[in-house]
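Coordinate inspection notes
Below, each chain spelled out in residue letters.
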Amino acid sequence: MDKRVAVMDLGTNTFHLLIAEGRIGNFREIIHEHIAVKLGEGGINKDIIVPEAFERGIETMKKFRSQIDACDVHQLRAIATSSLRNAANGVDFIGRVKQETGIAIEIIDGKREAAFIYNGVKAAGFLSAESSIILDIGGGSVEFIIGNKEGILWKQSFEIGAARLMEMFHHTDPIPSASIEALNLYIENTLGELFLATKEMPIYTLIGSSGAFETFAELAALKRSDTFDLKSTKNYVFDLGELLTITDELVLSSHAEREANQAIIPVRVDMIVTASLITRYIIQKLDIINVALCTYSLKEGVLAEMMNH
């Protein structure tokens, strides 16, 4: 009998729970839940989890515990990334979760996070012999991984996630052109190591790992009146012109326009603007001609490790 495992990806914006069984190439989902905890709200650039966000996180972990208990799980892992990694009271949060739920949270560094993301994308079967750059835009950090189906060639995590950039640059809506210029300059100055790495390696495809890229794909489908089912999609190839148009429209949009758009989930209504700006900047800076979405990410990378062992 296949063992049943649970993975929790505790991000800056969203806590994910995936309970599954089988093999990574063809696993069966029992539960796949994501809750907009917004752990970084109000304190991300001060490296603190504010009390309201702290309690939202604790309540979500209690809910996850009861779901795990109801599903007869054999093994579980809870992985924490940027927000808990950097918060001064992150250790207090981990202690409370352990005390109240028995779940031991693992804090991983950016390099390990990038490796899990690569393993998730690889598990979706989308990597080829050619080098691709994987981009994962989180709320707290952004991971870049250059690699192919044989392995990772270069990886790095940068603390320039969509929630951090939003708090720094996106104060009025639509975002003013002066703020866009300041944000672009900040990205330029922060990603020097990435630009050095890409000079040595030709890259043909950018693979956006879940998150904002799922919203871009849903918006593209909505424009064409297509149906797009995230549940049954592992990989999706964008029309580059269409994607750039979508990111332009998001950057120029108001909060009310985004909120009214059925393709944008509530937790992304505001952060999709800075995520669009990062995406657009990277595509243009690196002269990317092919862009794709992979719906597998960190949690599937952790799942692969658990199922393979």
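Note that the coordinates shown come from a computational prediction; the quantities given were computed from them, not determined experimentally.

Let's shift gears to the overall build of the protein chain. Looking only at helices and strands, one finds 12 helices and 11 strands in the protein chain. Against the compact-globule benchmark of 19 Å for 309 residues, the protein chain has a radius of gyration of 19 Å, which places it among compact chains. If you line up the protein chain on its principal axes, its C-alpha atoms span 50 × 45 × 40 Å. Counting only residues that meet the buried cut, the protein chain has 57% of its 309 residues in that class. Contacts in the protein chain between residues far apart in sequence, at least 24 positions, make up 71% of those at least 6 positions apart. Per element, the accessible surface of the protein chain, about 13,200 Å² overall, is 50% carbon and sulfur. Separation between the mean location of the 30 positive side-chain charges and that of the 42 negative ones in the protein chain comes to 5 Å.

Tallied over the full model, the rule gives 9 aromatic pairs. Through pairs of rings, three or more aromatic residues link up here, namely Phe213, Phe216, Tyr236 and Phe238. It is Lys285 that lies over the ring of Phe195; its NZ or CZ is 4.8 Å from the centre.

We now examine the sheet that holds strand 5 (residues 105-107). With mixed pairing, 5 strands are arranged side by side in an open sheet as 3-2-1-4-5. Of all strands in the sheet, those bounded by a partner on one side alone are strand 3 (28-35) and strand 5. Each adjacent strand pair in this sheet contributes to an overall mean axis angle of 20°, direction not counted. In this sheet, strand 5 lies alongside strand 4 (residues 75-80) in parallel orientation, the contact comprising 3 bridges.

This part takes up the sheet that holds strand 8 (residues 151-158). In spatial order, the strands read 8-7-6-9-11-10; together these 6 strands make up an open sheet with mixed pairing. Looking at strand neighbours, the two that pair on one side only are strand 8 and strand 10 (235-237), the edges of this open sheet. On average, each strand axis in the sheet is inclined to that of its neighbour by 20°, with strand direction left out of account. Note that strand 7 (residues 142-148) and strand 8 share 7 bridges and pair antiparallel. Pairing of Val142 across the sheet is with Phe158, part of strand 8.

A few words now on helix 7 (residues 192-200). Among the residues of helix 7, Leu194, Phe195, Ala197 and Thr198 are the ones counted as buried. Burial along helix 7 is one-sided: seen end-on, the buried residues are contained in an arc of 160°. Facing away from the buried side of helix 7, by more than 90 degrees, are the exposed residues Leu196, Lys199 and Glu200.

Right, let's talk about the layout of surface pockets for a bit. Of the volumes computed, that of the largest pocket is approximately 960 Å³. Lining the largest pocket are 47 residues, and of these His16, Ser210, Gly211, Glu214 and Arg268 lie nearest its centre. Secondary-structure elements contributing two or more residues to the lining of the largest pocket are strand 3, helix 4 (110-123), strand 6 (132-137), helix 8 (212-223), helix 11 (271-285) and helix 12 (298-308). Classifying every residue of the lining of the largest pocket by side-chain character gives 14 nonpolar, 21 polar and 12 charged. Quantified by volume, the second largest pocket comes out at close to 220 Å³.

Running from amino to carboxyl end, helix 1 (residues 51-70) crosses helix 3 (residues 90-101) at an angle of 35°, the nearest separation of the two axes being 10 Å. As for the relative orientation of helix 1 and helix 3, their crossing is right-handed in sense. Contacts between helix 1 and helix 3 involve Phe54, Glu55, Gly57, Ile58, Met61, Lys62 and Arg65 from the former and Asp92, Phe93, Arg96, Val97, Glu100 and Thr101 from the latter. Of the residues belonging to the contact of helix 1 with helix 3, the class tally is 5 nonpolar, 2 polar and 6 charged.

Looking now at the nonpolar core. Counting 55 residues, the largest nonpolar core has Phe144 and Ile282 as the members making the most contacts within it. The element best represented in this core is helix 11, accounting for 9 residues. Contacts of Phe144, omitting those with residues within four sequence positions, involve Ile133, Ile134, Leu135, Trp154, Lys155, Gln156, Phe158, Leu191, Leu194 and Ile282. Ranked by size, the runner-up nonpolar core spans 29 residues in total, among them Ile49, Met61, Phe64 and Val97.

Okay, the pattern of salt bridges next. A full pass over the atoms with the stated rule returns 25 salt bridges. With a shortest N-O distance of 2.5 Å, Arg224 and Glu242 are connected by a salt bridge. Residue Arg224 is located in the loop between helix 8 and strand 10, and its partner Glu242 is located in helix 9 (residues 240-252); the two are separated by 18 residues in the primary sequence. For Arg224, a relative accessible area of 38% corresponds to the partly exposed category. The salt bridge involving Asp248 is made with Arg280; its shortest N-O contact spans 2.4 Å. Of this pair, Asp248 sits in helix 9 while Arg280 is found in helix 11, placing the two residues 32 residues apart along the sequence. Owing to a relative accessible area of 16%, Arg280 belongs among the buried residues under this scheme.

Rules of the game
Counting of residues starts from 1 at the beginning of each chain's written sequence and follows it residue by residue. Whole-chain, interface and lining totals are the exception, using all residues; otherwise, since this is a predicted model, local features are given only for residues with pLDDT of at least 70 and side-chain atom pairs are given and counted only at 80 or more. Heavy atoms from the whole structure form the basis of all side-chain values; hydrogens and water molecules are not counted. Elements are defined by DSSP. Helices are runs of H or I of four residues or more, strands are runs of E of two residues or more, and each kind is numbered from the N terminus. Here the globule rule is a power law, 2.2 Å times the number of residues to the power 0.38, and the radius of gyration is based on C-alpha atoms. Note on exposure labels: buried denotes an accessible area under 20% of the residue type's maximum, exposed denotes more than 50%, and partly exposed covers the range between, all computed with a 1.4 Å probe on protein chains only. The contact criterion used is simple: two residues touch if any of their non-hydrogen atoms lie within 4.5 Å. Residue exposure ignores everything except the shown protein chains as possible cover, and the areas themselves are Shrake-Rupley values with a 1.4 Å probe. Neither His nor the chain termini are counted; the positive set is Lys and Arg, and the negative set is Asp and Glu. The location of each charge is read from NZ of Lys, CZ of Arg, CG of Asp or CD of Glu. The criterion for an aromatic pair is that two Phe, Tyr or Trp rings (for Trp, the six-membered ring) have centres within 6.5 Å, with stacked assigned to planes under 30 degrees apart, edge-to-face to planes over 60 apart and tilted to the rest. Remark: a charge is flagged as sitting over a ring if the NZ atom of Lys or the CZ atom of Arg is within 6 Å of the ring centre and within 35 degrees of the ring normal. Pairing between two strands requires that DSSP report at least two bridges joining them. Working convention: axes come from line fits to C-alpha atoms, limited for helices to the stretch in contact. Angles between N-to-C directions cover 0 to 180 degrees. The arc in question is traced by the directions running from the helix axis to the C-beta atoms. Detection works on a 1 Å grid of protein atoms alone, calling trapped sets that fit a 1.4 Å probe cavities and calling open sets with protein on both sides within 12 Å along at least five of seven lines pockets, with lining residues defined by an atom within 4 Å of a point. Grid points are joined across faces, edges and corners, and a volume is the space filled by probe spheres set on the points. For this classification, the nonpolar set comprises Ala, Val, Leu, Ile, Met, Phe, Trp, Tyr, Cys and Pro, the charged set comprises Asp, Glu, Lys and Arg, and every other residue, Gly included, is treated as polar. The crossing is said to be left-handed when, going from far helix to near helix, the turn is anticlockwise and less than a right angle, and right-handed when the turn is clockwise. Note on terminology: a nonpolar core comprises buried Ala, Val, Leu, Ile, Met, Phe, Trp, Tyr and Cys residues joined through side-chain atoms within 4.5 Å. The working definition used for a salt bridge is a side-chain nitrogen of Lys or Arg within 4 Å of a carboxyl oxygen of Asp or Glu.

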